[in-house]
Amino acid sequence: LRNCQNVTLRDLTFTTPEPIASSLSVRDGRNIRIENCRFIDLPQAFYSAMSVTGDKTDGVIVRGCHFKHVGSSAAAHMIYSAYGVQRLSVVECSFEDCAGEFVRFRDETDYGVVFGCTFKSTGTYRGANPAMISVPLFNDDNPASRPAQPNYEYFGTHFIFANNRFEYAGDNGNHATRFAVSFSHTGFDPPGRRHLLTAAEAETLKDGTADQRRALLKENCGIELDNVHIFCNV
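Residues numbered from 1 in each chain as written. Predicted model: local features only at pLDDT ≥ 70, side-chain atom pairs only at ≥ 80, totals over all residues. Heavy atoms only, no water.

Caption draft 1: Molecular detail of the overall build of the chain. Scanning the chain from terminus to terminus reveals 2 helices and 19 strands. Computed over its C-alpha atoms, the radius of gyration of the chain comes to 18 Å, within 12% of the 17 Å expected for a compact globule of 234 residues. Along the first, second and third principal axes, the C-alpha set of the chain runs to 50 × 45 × 30 Å. Residues classed as buried in the chain amount to 45% of the 234 residues present. In the chain, 78% of the contacts between residues at least 6 apart in sequence involve partners at least 24 apart. Across the chain, the centroid of the 23 positively charged side chains sits 4 Å from that of the 27 negatively charged ones. (Helix = DSSP H or I, 4+ residues; strand = E, 2+ residues; numbered from the N terminus. Rg over C-alpha atoms; globule rule 2.2 N^0.38 Å. Buried < 20%, exposed > 50% of the residue type's maximum accessible area, 1.4 Å probe, protein only. Contact = heavy atoms within 4.5 Å. Lys, Arg positive; Asp, Glu negative; His and termini not counted. Charge placed at Lys NZ, Arg CZ, Asp CG, Glu CD.)

Following this line, the structure appears as structure tokens:
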């Protein structure tokens, strides 16, 4: 679905053992609803079960959908959103076993909601226990290069992750990546940000007061915790 608006997909099943990029892609779309669909047994999906991308994309609702056994590697996600998407809401969905992070909000994706969903990782699918909700940046371009590269990534800062259930089962898979919700940055600092913390800043983020940590994340990373609401999760 590219450059379209006011579209509803309902009661569809996406499944195949064959190699694919994504089973559903929404790019630069507005007012899109995906309801009661099933994204199951997609073992060779390289990028995602569903990709939602583009800075024109606004108002995508994924409701009552079921995702299970998705992805060929850590690069694959159940819902992948990136590059300026606004108002992606994931509501009352169930997720089980993904090779990569389950739901990803990347690079200026903002006003994201994950509400009333269940997440389960058994650790037996691809031996993976990835983060279940992630807000990552990947800044591969060095601002000091000449000429400088323009592809800089920045955090969105308005999120609601609430009333969800996260379950990591047993002792299977990789224990080190058991994060229900993750904000992360990899690469160079983009202009106007200082994501690469000094040792002193790391100590503040680890052991400082709530006000100190809140101020550091806002100044260094542009994350305003007053607008990031994570509550009533199990």
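Having seen it, we continue.
Caption draft 2: Structural detail: the pairing of strand E5 (residues 38–42). As judged from the 2 bridges shared by strand E2 (residues 13–14) and E5, these two strands associate in the parallel manner. Pairing of Thr 13 across the sheet is with Arg 38, part of E5. (Pairing = 2+ DSSP bridges.)

Caption draft 3: Structural view of the nonpolar core. Of all hydrophobic cores here, the largest spans 46 residues; its most connected members are Ile 34, Phe 39, Val 62, Phe 67, Phe 95 and Phe 119. With 4 residues, the top contributor of residues to this core is strand E6 (residues 45–53). Here Val 62 is in contact with Ile 34, Met 50, Phe 67, Ile 79, Leu 88, Ser 89, Val 90, Val 91 and Cys 93, once residues within four sequence places are set aside. (Core = buried A, V, L, I, M, F, W, Y, C linked by side-chain atoms within 4.5 Å.)

Caption draft 4: Representation of the sheet that holds strand E13 (residues 112–115). Pairing in this open sheet of 7 strands is parallel, and the strands run E1-E4-E7-E10-E13-E16-E19 from one edge to the other. Both edges of this open sheet fall to strand E1 (5–10) and strand E19 (228–231), since each of them pairs with a single strand only. Between one strand axis and the next, the sheet turns by 5° as a mean value, whatever way the strands run. Of the strand pairs in this sheet, E1 and strand E4 (residues 30–35) are connected by 5 bridges, and their pairing is parallel. What sits directly across from Gln 5, in E4, is Arg 30. (Axes fitted to C-alpha atoms, helices over the stretch in contact; angles between N-to-C directions.)

Caption draft 5: Up close: the sheet that holds E5. Strand order across the open sheet formed by 6 strands is E2-E5-E8-E11-E14-E17, with parallel pairing between neighbours. Each end of this open sheet is capped by a strand with a single partner; those strands are E2 and strand E17 (165–168). Pairing between strand E8 (residues 66–70) and strand E11 (residues 94–98): 4 bridges, direction parallel. By the bridge assignment for E11, Lys 68 is matched with Glu 96.

Caption draft 6: Layout of the side chain of Glu 201. Looking at the element boundaries, Glu 201 is found in helix H1 (residues 199–207). Those residues in contact with Glu 201 that lie beyond four places of it in its chain are Arg 194, Leu 196, Leu 216 and Asn 220.

Caption draft 7: Up close: the packing of H1 against helix H2 (residues 210–221). Put simply, H1 and H2 touch, their axes get as near as 8 Å, and they point 130° apart. Taken as axis vectors, H1 and H2 run oblique relative to one another. Relative to H2, the crossing made by H1 is left-handed. Residues Glu 201, Thr 204 and Leu 205 of H1 pack against Gln 212, Arg 213, Leu 216, Leu 217 and Asn 220 of H2. Of the residues contributing to the contact of H1 with H2, the split by class is 3 nonpolar, 3 polar and 2 charged. (Parallel < 35°, antiparallel > 145°, perpendicular 65-115°, else oblique. Left-handed = near helix turned anticlockwise from the far one by under 90°. Nonpolar A, V, L, I, M, F, W, Y, C, P; charged D, E, K, R; others polar.)

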